[in-house]
Amino acid sequence: MQTGWRKNFQAYKVASPPIQNAHRLLLFYAIECGLKAILMKRQGAKLTSDCDDIANAQHDINALLTALRAASDLQLPKGLLLSSSRKISSGQINQVWRYGGEFINQNGSKSIEKQLLMISKWIIQELN
């Protein structure tokens, strides 16, 4: 899991501007892997199947942060609106970016990306 965190985060960091959803998706998956790696480290698990919190959270960054008892200011926004006026949860951000979706707020993806970068700093501290 730590390898997935490092490789996806490194791939995101070398992306050239302008940042697109595909780059953000790498960041999202890096964060997901990093949070799962912290859970595994804390629980002394060798496999993701050894951590119930991972199975329960799936791709939900907020659920992983809650399981880790991380500071609430790291949480991603709740009830995000897509350009189609559909509401999604923080566990569906990866699907939006994977399929080329856009958030209603012009800065929606940039704001989420900024929040994911804040989480990445926390992950770096936790895994060192």
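Keep in mind it's a predicted model, so treat the numbers as computed, not measured.

Trainee: Account for the overall build of the protein, with residues named and values stated.
Mentor: A tally of helices and strands in the protein yields 6 helices and 2 strands. Secondary structure elements of the protein occur, N-terminal to C-terminal, as α-α-α-α-β-β-α-α. For the protein, the C-alpha radius of gyration of 14 Å lies close to 14 Å, the compact-globule estimate for 128 residues. Taking the principal axes of the C-alpha coordinates as reference, the protein spans close to 40 × 30 × 25 Å. Across the 128 residues of the protein, 43% fall into the buried class.

Trainee: I'd like a description of the pattern of salt bridges, backed by residues and values.
Mentor: Under the definition given, this model contains 3 salt bridges. For arginine 24, the salt bridge identified is with glutamate 113, shortest N-O distance 3.0 Å. Here glutamate 113 lies in helix α6 (residues 108–127) and arginine 24 lies in helix α2 (residues 21–43), a separation of 89 residues in the sequence. Take glutamate 113: its relative accessible area is 9%, and that puts it in the buried class. A salt bridge links lysine 36 to glutamate 32, with the shortest nitrogen-to-oxygen separation between them at 2.7 Å. A residue pair is termed a helical-turn pair when its members lie 3 or 4 positions apart in one helix, as lysine 36 and glutamate 32 do in helix α2 at 4 residues.

Trainee: Describe the environment of serine 90, listing the residues and the values that go with them.
Mentor: Note on placement: serine 90 falls in the loop between β2 (87–88) and α5 (93–98). Through-space distance from the C-alpha of serine 90 to that of leucine 80 is 7.5 Å; in sequence the pair is 10 residues apart. Other than its neighbours up to four places away in sequence, serine 90 contacts Phe28, His59, Asp60, Ile61, Asn62, Leu76 and Pro77. Within polar-contact distance, the side chain of serine 90 engages the side chain of asparagine 62 at 3.2 Å.

Trainee: I'd like to hear about the packing of aromatic side chains, residue by residue, with values.
Mentor: Taken as a whole and assessed by the stated rule, the structure comprises 2 aromatic pairs. Between tryptophan 5 and phenylalanine 9, the ring centres sit 4.9 Å apart and the planes meet at 15°, which makes this aromatic pair stacked. In this pair, tryptophan 5 and phenylalanine 9 are both assigned in helix α1 (residues 2–13), 4 residues apart and thus about one turn of the helix distant. Classification of tryptophan 5 by relative accessible area gives buried; the value is 6%. Looking at phenylalanine 9, the relative accessible area reads 10%, which means it is buried. Ring geometry for phenylalanine 28 and tyrosine 29: centres 5.7 Å apart, planes at 85°, overall edge-to-face.

Trainee: How would you explain α2 if you had to name every residue and give the values?
Mentor: The end-to-end C-alpha separation of α2 is 33 Å, in line with the 33 Å expected for 23 residues at 1.5 Å each. Among the 23 residues in α2, 17 count as buried, and that is most of the element. Looking one or two residues past α2, glycine 44 carries a phi angle of roughly 65°, positive in sign.

Trainee: Which residues make up the environment of lysine 7, and what values do they have?
Mentor: On the secondary structure map, lysine 7 appears in helix α1. When the C-alpha atoms of lysine 7 and alanine 37 are compared, they prove to be 13 Å apart, with 30 residues separating the residues in sequence.

Trainee: Which residues make up the state of the cysteines, and what values do they have?
Mentor: Scanning the entire structure with this criterion turns up 0 disulfides. Among the cysteines around cysteine 33, which has no disulfide bond, cysteine 51 carries the closest sulfur, lying 13 Å off. What makes cysteine 51 buried here is its relative accessible area of 1%.

Cut-offs used in this document
Residue indices follow the written sequence of each chain, beginning from 1 at its first position. Side-chain atom pairs in this predicted model are given and counted only at pLDDT of 80 or more, local residue features only at pLDDT of at least 70, and totals for whole chains, interfaces and linings cover all residues. Side-chain measures here rest on the full set of heavy atoms in the structure, leaving out hydrogens and waters. Helix numbering and strand numbering both begin at the N terminus, where a helix is a DSSP run of H or I of at least 4 residues and a strand a DSSP run of E of at least 2. Taken over C-alpha atoms, the radius of gyration is set against a globule rule of 2.2 Å times the number of residues to the power 0.38. Whether a residue is buried, partly exposed or exposed follows from its accessible area with a 1.4 Å probe, protein chains only, as a fraction of its type maximum: under 20%, in between, or over 50%, in that order. Salt bridge, as applied in this entry: a Lys or Arg side-chain nitrogen positioned within 4 Å of an Asp or Glu carboxyl oxygen. Here a residue-residue contact requires only that any non-hydrogen atoms of the pair lie within 4.5 Å. The definition of a polar contact used here is a pair of N or O atoms within 3.5 Å, where within protein one atom must be able to donate a hydrogen and the other to accept one, and adjacent residues in sequence count solely through side-chain atom pairs. Under the pairing criterion, centres of Phe, Tyr and Trp rings, with the six-membered ring standing for Trp, must be within 6.5 Å; the plane angle then separates stacked pairs below 30 degrees from edge-to-face pairs above 60, leaving the rest tilted. A helix is expected to span 1.5 Å multiplied by its residue count minus one. When two cysteine sulfur atoms lie within 2.5 Å, the pair is treated as a disulfide.

What is shown is where atoms sit, not what they do.
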